[in-house]
Amino acid sequence: MGTFPQFGNVPIPNTPPGQLLVRPACATFDVQDYAMHHMKSVSFFAAIVLICVPFLSPAQTGLRTDGRSLIISSKGSQYTFSPSFVVLYNAEDPGMALRPAGIKKVSYNVLTWKTNDTALADFKAKKVNATVAGDGFDDRILRSKEDQRTASIYNAGKSTSITASKLEQRGDTILFHFPVSAEFILKAWLLTSGKPYPTITFSFQPVKAGYYSIGYTGAPALAKSAVRENWQPLIWTEKRLPDRPILTPAFMAPLPTTLVNDGSHTLGVLASPQYLPFQPLPTLPNSQFGVAVLNKAGQVQPQLFAPIPGGMGSEMKSGAVFNFSFGLVVEPQSLSGAYETIAKNSFGFRDMRQNAIASLNTVLDNIVDYSLSSYAWFIDSLKGCAYSTDVPGAVKNVSSLNPLELAIVRDDSLLFEKRAYPLMEFMLSREKFLFSLDSMQKIQSPSRKLRGPIAPLSELGALYAVFGGNNQFYIPLAEKEFAGNRTRNLDDNEKGHNWINAMFLYKMTGQASYLETAKRLAFAYIKQRVTKPQQAFADPLQGSHFFWPTFTNRWVEFLELYEITKEKAFLEAAHEGARRYTQFIWMAPLVPDSQITVNKGGKAPMYWYLKQKGHKQMYYPEETVPAWRLSEIGLTPESSGTSTGHRGIFMTNFAPWMMRVGYYTKDTFLVNVAKAATIGRYRNFPGYHINTERTTAYEQFDFPLHQHLDQSVNSFHYNHILPMASMLLDYLVTDAFQRSLEQINFPSQYIEGYAYLQNKMYGAEKGKFYTESAVQLWMPEGLLRIDNVELNYVAARKGDQLFLAFMNQSNAAVSSKVTINPAKAPVKGSSGIRFFTEKQTAALKDSVFTITVPANGITAIAVDGLQLPAGFQDRLLADRGDKSRDFLELPEGNARAILFKLGDYGRRLFVYLQDDDNKWQQAVLTYKIGKGKKQTLVKKEYPFEFTVPVSPDQPVSFSLTLTDRSGKNTSSKTVELGK
């Protein structure tokens, strides 16, 4: 009787150097006799030993064999897994390559292979035009040479099917006996006594050299009509299926499996974790396997192929031995539930992150400071963030609400003047988010027209609310958006009349009819989109599918509707969408409990896309850090179309929404995913994505403090800076909301932006802080100095009271000294501290006190008797009850004039021409404020636009004089706003 020896850390076959698996104790069986008898190979015996992992007992798994197949029983159902494999062979390299799939309305790259058989050349690459370019789009994929290729894994080589003729059980091991083949030797066995799933190990030995792939094809196969739901990463979710047996490579699989649910159980074939190593970063060249959900007969069936034809390890010499193992998944739960279970039990997903390097408040301060620096590349003349990473010479903005929110909450007039107000003008005047003066520029379809508003209806409503409803012009603009269609981003045409816009019109106007419309259309959407798993890429609210929110229901907006109506159906729809969204979030590879050395030789990784654009190498010290700090777990790829290059993006705007849905539904998985996405990742703006190697470069305070061409680790999209700051503020406020069980609750508006850049906007309305009402969120830069980085905080004020909530991000209690900045909140001699949470005392001395916060807990206090002077926040939010005229149109130049009323802070006249420099060469604005003197502003280049500061309550009169291309002048009549 041979037994498994008790190994410690041992190398795993087919695993890159440096990757180890810790082998636990295993049960015994006659492995030596089996190995030596059938293979006469010491290396084969070693492979059997080393791949041993722990399993459940046969009684626990309900697994048995009838001598020909494996039968797994669960909850009254039986699932038969046959011992069936297929071997693919190519004498020469089959030329594995990614190509753009020809899927209508979807941008996605799939694996393909060369074929000499015209009948098998079933793949036609999607033609991409000049607009498809920029960061994340790889011309080596999109514009590669057209040749005979197949996207079907079964056409990727000469195919030989083989099924074991007999299964023999010996203790907790089931041995597979295969017919003799003249072309290869295949051995396989299953250990029934392991966990989390019974695992098959196979060993393959070719007789002749070539390129091989071994596919397991024995999982239960279902007719499409018998499937409740299926999942193949990354885009085939719900009941969407590929049109042929397409293979997803390991590096594109958030979990290394495909899943099928038949209404009671979820089935899968799961690659063992060691074949998706943590280091190096998963890429196509190091992918050791692929997974598929559609079989050759067109049935829905989990399948796994290892290695990938033409991929790592597929070239084999005669007599070489290739080993692989995979688990048989039978979960008596929904597909989403099985996804969570696999993530936790097979890949160790848990609450593993902590602040470690900086609190989110410090990060927020750093990012806002950075946003105002020259490194953030804001182009004042164009009122926008440079977008030269993708589109040379263009600017792109997301929303005026991001800087406006931050200016309010942080009591920061400079941020308002430099970023918020210019973006308010941009969002009302421009035709598209992407603005370029170059009329010949085609990349990503920019516009040079001033045919706004580009602001979504929800943003118009939020701006209306922030300024107390005094800017009346927002209402007709919003109503016009509701009645029409508009293309704002890329080439996606958006229909205005939908339940989401009706909801925000209700918030804006208070008219019950809009809420009734929103609910009626939302229930129709639920019936059409949510209760019926989608079989095609045809969401009624989506034009095309690119960013991940387009692949799920509109769960973020359902959460907004739930918070307005408190109707359970909307929360259930939000929960369903959030759970599906996790299927785009990395749950693998397994994060080792070890240290990783990065930046070897003092060099940071260099992103190939930027290298070819002439960017310079960056240098950061070599260091060794815990693996979890480098992990992409909790992040998503950027999009379906760029998922092959942008492995994990730091723009995790979904996180606060997911945390809130998780709180409402008591779904801790969602809460932990939100934390994994956000906590302990950076000290400052980290750029966009993880894409080449693991590194700590993103963590460094000075990482973004370089000129554009000196950045080379990842791409910088400067329009993301302020949305990321809003995301962090949203996370802080939502974390306080859920940890306090809603005792800290601030009203919000909605930042819609585009793509996935949605967040809540805070600060315009007062909220609740435990027993206190009418509390104003107030978080100026440098308000507190906290000695322990594990504590995040939110701050608010009311009169001379300062309210503070501290959230501990670690799994151990934290005591820390806290210093209130006397320049922001001077302390009186009579100041004291009150606790809203657990019983605790703290004394305030010289602006300093000590606080204790439980592990993963919250401690909330009030500091009484401070001197909190009125500031910018109070002036901007003051409601003057000003309903004076604030909008008009002039026929000359198709001009528009807007008077922004900004509380006690002042007014701004904004005049712009919709006509461009094809008609006019100069524009002159003549204006007079109140009874003052006439003044003029001259603009000799396009865009023709003017901004005039006006005092509160002062009217302004003005006229335009325009000079056409021939030199002829045209003047408008004098008109007046603000009276």
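Scoring rules and cut-offs
- Residues numbered from 1 in each chain as written.
- Predicted model: local features only at pLDDT ≥ 70, side-chain atom pairs only at ≥ 80, totals over all residues.
- Heavy atoms only, no water.
- Pairing = 2+ DSSP bridges.
- Helix = DSSP H or I, 4+ residues; strand = E, 2+ residues; numbered from the N terminus.
- Axes fitted to C-alpha atoms, helices over the stretch in contact; angles between N-to-C directions.
- Phe/Tyr/Trp six-rings, centres within 6.5 Å; stacked < 30°, edge-to-face > 60°.
- Buried < 20%, exposed > 50% of the residue type's maximum accessible area, 1.4 Å probe, protein only.
- Core = buried A, V, L, I, M, F, W, Y, C linked by side-chain atoms within 4.5 Å.
- Contact = heavy atoms within 4.5 Å.
- Lys, Arg positive; Asp, Glu negative; His and termini not counted.
- Salt bridge = Lys/Arg side-chain N within 4 Å of Asp/Glu carboxyl O.
- Parallel < 35°, antiparallel > 145°, perpendicular 65-115°, else oblique.
- Left-handed = near helix turned anticlockwise from the far one by under 90°.
- Nonpolar A, V, L, I, M, F, W, Y, C, P; charged D, E, K, R; others polar.

Draft legend 1. A look at the sheet that holds strand β5 (residues 77-81). The strand order across the open sheet formed by three strands is β3-β4-β5, and the pairing between neighbours is antiparallel. Where the open sheet ends on each side, the last strands, each with one partner, are β3 (63-65) and β5. Strand-to-strand twist of the sheet, defined as the mean angle between neighbouring strand axes without regard to direction, takes the value 25°.

Draft legend 2. Broad picture of the pairing of strand β11 (residues 166-170). As paired strands, β11 and strand β12 (residues 173-177) are joined by five bridges and run antiparallel to one another. If you follow Gln169 over to β12, its bridge partner there is Ile174. The turn joining β11 and β12, which pair antiparallel and follow one another in sequence, is formed by two residues; a positive phi near 65° is taken by Gly171.

Draft legend 3. Seen up close, the packing of aromatic side chains. Enumeration over the complete set of coordinates arrives at 68 aromatic pairs. For the pair Phe504 and Tyr750, a centre-to-centre distance of 4.8 Å together with 10° between the ring planes defines the contact as stacked. Linking Phe504 in helix α11 (residues 499-509) with Tyr750 in strand β35 (residues 749-751), this pair joins segments that are 246 residues apart in sequence. Taken together, a centroid distance of 6.0 Å and an interplanar angle of 55° make the contact between Phe551 and Phe584 tilted. Here Phe551, found in the loop between α12 (512-530) and α13 (555-565), pairs with Phe584, found in the loop between α14 (568-581) and β30 (595-598); they are 33 residues apart in sequence, far enough to count as distant. The residues Phe551 and Phe584 share a single accessibility class, namely buried.

Draft legend 4. Seen up close, the nonpolar core. Within the largest apolar cluster, 303 residues are counted, with the highest numbers of intra-cluster contacts made by Phe85, Phe176, Leu404, Phe806 and Phe958. With 12 residues, the single largest contributor to this core is helix α18 (residues 721-739). Apart from residues lying up to four places away in sequence, Leu404 is in contact with Phe416, Ala420, Leu463, Val466, Phe467, Met761 and Leu876. Residues Tyr387, Val391, Leu434 and Ile443 belong to the second largest nonpolar core, which totals five residues.

Draft legend 5. Fine view of the side chain of Glu459. Turning to its location among the elements, Glu459 is positioned in helix α9 (residues 457-466). Despite its burial, Glu459 pairs with no opposite charge; the closest candidate is Arg488, at 7.9 Å N-O. If sequence neighbours within four positions are ignored, Glu459 has contacts with Ser399, Ser400, Leu401 and Met427.

Draft legend 6. Spotlight on the packing of helix α16 (residues 654-665) against helix α17 (residues 668-678). Between α16 and α17, the shortest axis-to-axis distance is 7 Å and the interhelical angle comes to 160°. Taken together, the axes of α16 and α17 lie roughly antiparallel to each other. You can see that α16 and α17 cross each other, and the crossing is left-handed. Residues Phe654, Ala655, Met658, Met659, Val661, Gly662 and Tyr663 of α16 form the contact with α17, whose own contacting residues are Leu670, Val671, Val673, Ala674, Ala677 and Thr678. Across the contact of α16 with α17, the residue classes break down as 11 nonpolar, two polar and no charged.

Draft legend 7. Region of the structure containing unusual backbone geometry. With an omega of -10°, the peptide bond running from Ala306 to Pro307 counts as cis. Among the secondary structure elements, Pro307 is positioned in the loop between β21 (300-306) and β22 (315-316). A cis amide bond, omega 10°, links Gly452 with the succeeding residue Pro453. Mapped onto the elements of the fold, Pro453 is located in the loop between β27 (434-435) and α9. Positive phi, close to 75°, is recorded for Glu742, a residue that is not glycine. Among the structural elements, Glu742 can be located in the loop between α18 and β34 (744-745). Overall, Glu742 belongs to the partly exposed group, its relative accessible area being 29%.

Draft legend 8. Just the environment of Ile214, in detail. If you trace the backbone, Ile214 turns up in strand β15 (residues 210-216). According to the relative accessible area criterion, Ile214 is buried, its value standing at 0%. When the C-alpha atoms of Ile214 and Ile308 are compared, they prove to be 8.4 Å apart, with 94 residues separating the residues in sequence. When sequence neighbours within four positions are dropped, the list of residues in contact with Ile214 reads Phe85, Val86, Val87, Phe202, Phe204, Leu304, Phe305, Ala306, Pro307, Met316 and Phe322.

Draft legend 9. Representation of the sheet that holds strand β46 (residues 887-890). The strand order across the open sheet built from four strands is β46-β47-β48-β51, with neighbouring strands paired in antiparallel fashion. Each having just a single partner strand, β46 and β51 (945-950) make up the two edges of the open sheet. Within this sheet the neighbouring strands show an average axis-to-axis angle of 15°, counted without direction. Relative to β51, strand β48 (residues 907-913) runs antiparallel, the two sharing six bridges. Paired with Tyr912 across the bridge in β51 is Glu945. On the sheet, helix α8 (residues 413-429) packs against β47 (895-901), β48 and β51 and is oriented at approximately 40° with respect to β48.

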